Amino acid sequence: MNQNGLIETFVQRVIAATDYTAMDETYLINQVIGWLGETRYETPNDLTPWESVDTLTLLDALIAIADENQSLVRREMNADMLGAQLMALFVPRPSQVNQIFWDKYAVTARQATDYFFDLSCRSNYIKTREIKQNISFPATTKYGTLQVTINLSKPEKDPKKIAAALKTQTPSHNNYPVSQLAHENEGYWGRLDYPARANHRVVALTLGGEPWFFQYSPYAYFNEHAIIFSKTIRPMRVDAAHLAKLLEFVTLFPDYFIGSNADLPIVGGSILTHDHFQVGRYDLPMAQATIKTPIALPGSPLAEAGVLNWPMTVIRLADADQARLLQAATQVMTTWENYSDPSLAIRAYDESGVRHHTVTPIARFRDGRYELDLVLRDNNVSAAFPDGIFHPHPDVQHIKQENIGLIEVMGLAILPPRLKNELHEVADYLLGRVDHVAPKHQPWADRLRAQGTVTPDNVMAIIQHSVGQIFERVLEDAGVYKDDAAGEAGLARFVEAVAQTPDQKN
């Protein structure tokens, strides 16, 4: 192997993509061979075959050399940590990244985010190769086309463990970084039990008069999937100030939507201990949903207000006036936080006074006005549904048992990696190649087998269609008002209660 040619090619890629120049070549070579544990280097006469190889493949080859040299073992590093160190050569200092970002923002917001997104991809902070391994397909439902992704990058998370973490894990400065969303991750080398972030950069911005940071997600679920997180580490709290920050962000970046997970276990996301939002330049399926039932809010007249045609209960509010929109949204949230309907197992507080109602909020700016979608959430449990009354019920947890967070709420299923093999096992069962599947899938597989002829050509289409229908059911389970007579009547009662709630002045 032309090892010197590999190193030289990698260094030339760094110079071509950054403000390093030819004068920096020796310095860069020494940085690379130091990480590889090499003690000798000779300038190569030929870069074949490395010149035609993509940069991430060059990176793989360099890591393999370091592993062979025992450099990883000696440094107590893994491949991810070394890869981040090498790719950090492609990334300017944080101050430079911020200067370039805001200089470009002064021209257009799009130029700024294009720069930052491209940098995050080129530096391999955004794991483009891993993302390509995900299995994605559409799902046609009565609510429109939903999207399904089998995520092959991260393990499935247990909702009970998330709730336990919220109770027991308080940020402590004895741990560093104190959160995987903390600003202190920028440039952090990582550990064997903690992600490497040497090639990570964030952009500082202000929301609500406070310092926040913008970063892209390393394992993106949609185009330009990013995280906006507070410098102050505090638990999530969805309130009027929270919504005001959403509207402020889409004013700054009108090409992006922004939303947050709910702030309660079961219905919240996987990180409830650090205030943050998720954003992206992408229309998730819920953005295309239309209003099924218009509503009127006395005292808060809006350009548009109504309940969406969606498997979960979503109230969409739209207006060009931020203050008027925020007033109406606060009116809805305040009503919901204190609203109960025992006939539908909807309870705002339990006997000990613990709150059970919140919303999953999403904001956009389109067609010259602001939009706020407020998804009503209830995290009560019962003897029949100990995982959550408005959580995926047991008969669909063989496909999805995790919390229904912001992304799923908006119509994109993030399914666990175990399903890649499990769905193929179901396919083998439907084709008669095996006589059983995992017990959790057996009833479902039997129903699919009974539905009609299955062939090698149509088996995966049949399975994927059924998975899509199950995801539709998952969202319906999470919806507080069902699409039936009782649900419609209950929703009408809630809307009437909103109309009677005193205006919430800001």
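Residues numbered from 1 in each chain as written. Predicted model: local features only at pLDDT ≥ 70, side-chain atom pairs only at ≥ 80, totals over all residues. Heavy atoms only, no water.

1. Some words on the overall build of the protein
Now for step 1: Across its full length, the protein holds 16 helices and 13 strands.
Now for step 2: Since a compact globule built from 506 residues should have a radius of gyration of about 23 Å, the 25 Å found for the protein is in line with a globular shape.
Now for step 3: Taken over the C-alpha atoms alone, the protein extends approximately 80 × 60 × 45 Å along its principal axes.
Now for step 4: When burial is assessed residue by residue, the protein has 52% of its 506 residues classed as buried.
Now for step 5: Taking contacts inside the protein between residues at least 6 apart in sequence as the whole, the part at least 24 apart equals 65%.
Now for step 6: Carbon and sulfur atoms provide 52% of the accessible area of the protein, an area that totals close to 22,000 Å². (Helix = DSSP H or I, 4+ residues; strand = E, 2+ residues; numbered from the N terminus. Rg over C-alpha atoms; globule rule 2.2 N^0.38 Å. Buried < 20%, exposed > 50% of the residue type's maximum accessible area, 1.4 Å probe, protein only. Contact = heavy atoms within 4.5 Å. Areas by Shrake-Rupley, 256 points an atom, 1.4 Å probe, with all protein chains shown as cover.)

2. Points about helix 16 (residues 485–500)
Now for step 1: An ideal rise of 1.5 Å per residue puts 22 Å on 16 residues; helix 16 measures up with 23 Å between its terminal C-alpha atoms.
Now for step 2: Buried residues of helix 16: Gly 487, Gly 490, Leu 491, Phe 494, Val 495, Ala 497 and Val 498, and no others. Seen end-on, helix 16 carries its buried residues on one side only, within an arc spanning 155°. Opposite its buried face, helix 16 presents the exposed residues Ala 485 and Gln 500, each directed more than 90 degrees away.
Now for step 3: For helix 16, the elements touching its buried residues are strand 9 (304–308), strand 10 (314–319), helix 11 (322–337) and strand 12 (369–378).
Now for step 4: Sitting at the amino-terminal end of helix 16 is Asp 484, which places a side-chain oxygen 3.3 Å from the backbone nitrogen of Ala 486. (Expected span 1.5 Å × (residues − 1). Arc of directions from axis to C-beta. Polar contact = N/O pair within 3.5 Å; in protein donor to acceptor, adjacent residues only side chain to side chain.)

3. Remarks on the pairing of strand 12
Now for step 1: Of all 10 residues in strand 12, 9 are buried; the element is thus mostly enclosed.
Now for step 2: Both strand 10 and strand 12 contribute to a ladder of 6 bridges, which runs antiparallel. Bridging across to strand 12, Leu 317 finds its partner in Leu 372.
Now for step 3: Pairing of strand 11 (residues 357–366) with strand 12, which is carried by 10 bridges, proceeds in the antiparallel orientation. (Pairing = 2+ DSSP bridges.)

4. What to know about the sheet that holds strand 7 (residues 276–280)
Now for step 1: Within the open sheet, the 10 strands sit side by side as 3-4-5-7-6-11-12-10-9-8. Their pairing is antiparallel. Here the strands that pair on one side only, and so sit at the sheet edges, are strand 3 (203–207) and strand 8 (291–294). Neighbour-to-neighbour, the strand axes of this sheet turn through a mean angle of 25°, independent of strand direction.
Now for step 2: Relative to strand 9, strand 8 is paired through 3 bridges, and the arrangement is antiparallel. Within the sheet, the bridge partner assigned to Thr 293 lies in strand 9 and is Val 307. (Axes fitted to C-alpha atoms, helices over the stretch in contact; angles between N-to-C directions.)

5. A short note on the sheet that holds strand 2 (residues 144–150)
Now for step 1: Strand order in the open sheet formed by 3 strands is 1-2-13, with mixed pairing between adjacent strands. Looking at the sheet topology across the chains shown, the edges are occupied by strand 1 (135–141) and strand 13 (412–415). Taken over all neighbouring pairs, the strand axes of this sheet differ in orientation by 25° on average, direction set aside.
Now for step 2: Taken together, the 7 bridges between strand 1 and strand 2 define a ladder with antiparallel strand orientation. Across the sheet, the residue bridging to Ile 135 is Ile 150, located in strand 2.
Now for step 3: Sheet strands in contact with helix 15 (residues 459–478) are strand 1, strand 2 and strand 13, and its direction is about 65° off that of strand 1.

6. Structural notes on the pattern of salt bridges
Now for step 1: Within the structure shown, the criterion is met by 33 salt bridges.
Now for step 2: For Asp 118, the salt bridge is made with Arg 122, and the minimal N-O distance between the two is 2.8 Å. In this pair, Asp 118 and Arg 122 both sit in helix 7 (residues 109–122), 4 residues apart, roughly one turn of the helix.
Now for step 3: The class of Arg 122 is partly exposed, set by a relative accessible area of 32%.
Now for step 4: One salt bridge in this structure joins Arg 324 and Asp 319, with 2.8 Å as the shortest N-O distance.
Now for step 5: The exposure class of Asp 319 is buried, given its relative accessible area of 5%.
Now for step 6: Here the salt bridges do not stand alone but share partners, grouping Arg 110, Asp 114, Glu 224, Asp 255 and Arg 281 into one network. (Salt bridge = Lys/Arg side-chain N within 4 Å of Asp/Glu carboxyl O.)

7. Structural notes on the UniProt feature "domain: Galactose-1-phosphate uridyl transferase C-terminal" (unreviewed entry) in the protein
Now for step 1: UniProt tags residues 252–444 as "domain: Galactose-1-phosphate uridyl transferase C-terminal" (unreviewed entry).
Now for step 2: For the annotated span residues 252–444, helix accounts for 19% and strand for 24% of the residues, and the straight-line distance between the end C-alpha atoms is 47 Å. (UniProt positions renumbered as here; feature names shortened; annotations may be inferred.)

8. Concerning the nonpolar core
Now for step 1: Phe 214, Phe 249, Leu 317 and Tyr 481 are the most contacted members of the largest nonpolar core, which totals 60 residues.
Now for step 2: Per-element tally for this core: the top contributor is helix 11, with 7 residues.
Now for step 3: Apart from the residues within four sequence positions on either side, Phe 214 is in contact with Thr 113, Phe 116, Val 202, Val 203, Leu 205, Ala 226, Ile 227, Ile 228, Phe 249, Phe 253 and Tyr 256.
Now for step 4: The next biggest cluster of nonpolar side chains, apart from the first, holds 47 residues, and it includes Val 314, Val 375, Ile 404 and Phe 471. (Core = buried A, V, L, I, M, F, W, Y, C linked by side-chain atoms within 4.5 Å.)

9. Considerations on the environment of Ala 305
Now for step 1: On the secondary structure map, Ala 305 appears in strand 9.
Now for step 2: It is 9.6 Å that separates the C-alpha atoms of Ala 305 and Leu 372, two residues lying 67 residues apart in sequence.

10. Comments concerning the packing of helix 13 (residues 418–430) against helix 15
Now for step 1: Between helix 13 and helix 15, whose axes approach to 10 Å, the crossing angle comes to 125°. What the angle tells us is that helix 13 and helix 15 run oblique. Pair helix 13 / helix 15 crosses with right-handed handedness. Between helix 13 and helix 15, the contacting residues are Leu 423, His 424, Val 426, Ala 427 and Leu 430 on the first element and Val 459, Met 460, Ile 463 and Val 467 on the second. (Parallel < 35°, antiparallel > 145°, perpendicular 65-115°, else oblique. Left-handed = near helix turned anticlockwise from the far one by under 90°.)

11. So, the environment of Phe 214
Now for step 1: Positionally, Phe 214 belongs in strand 4 (residues 210–216).
Now for step 2: Each C-alpha atom of the pair Phe 214 and Leu 344 lies 40 Å from the other, and the pair is 130 residues apart in sequence.

12. Here we look at helix 7
Now for step 1: Taking 1.5 Å per residue as the helical rise, helix 7 with its 14 residues ought to reach 20 Å, and the 20 Å between its terminal C-alpha atoms agrees with that figure.
Now for step 2: Looking at helix 7, one finds that the buried residues are Ala 112, Thr 113, Tyr 115, Phe 116, Leu 119 and Ser 120. Projected down its long axis, helix 7 shows its buried positions confined to an angular sector of 155°, all on one face.
Now for step 3: Looking at the buried residues of helix 7, the elements they touch are helix 6 (94–105), strand 3 and strand 4.
Now for step 4: Asn 124 sits one or two residues past helix 7 and shows a positive phi near 65°.

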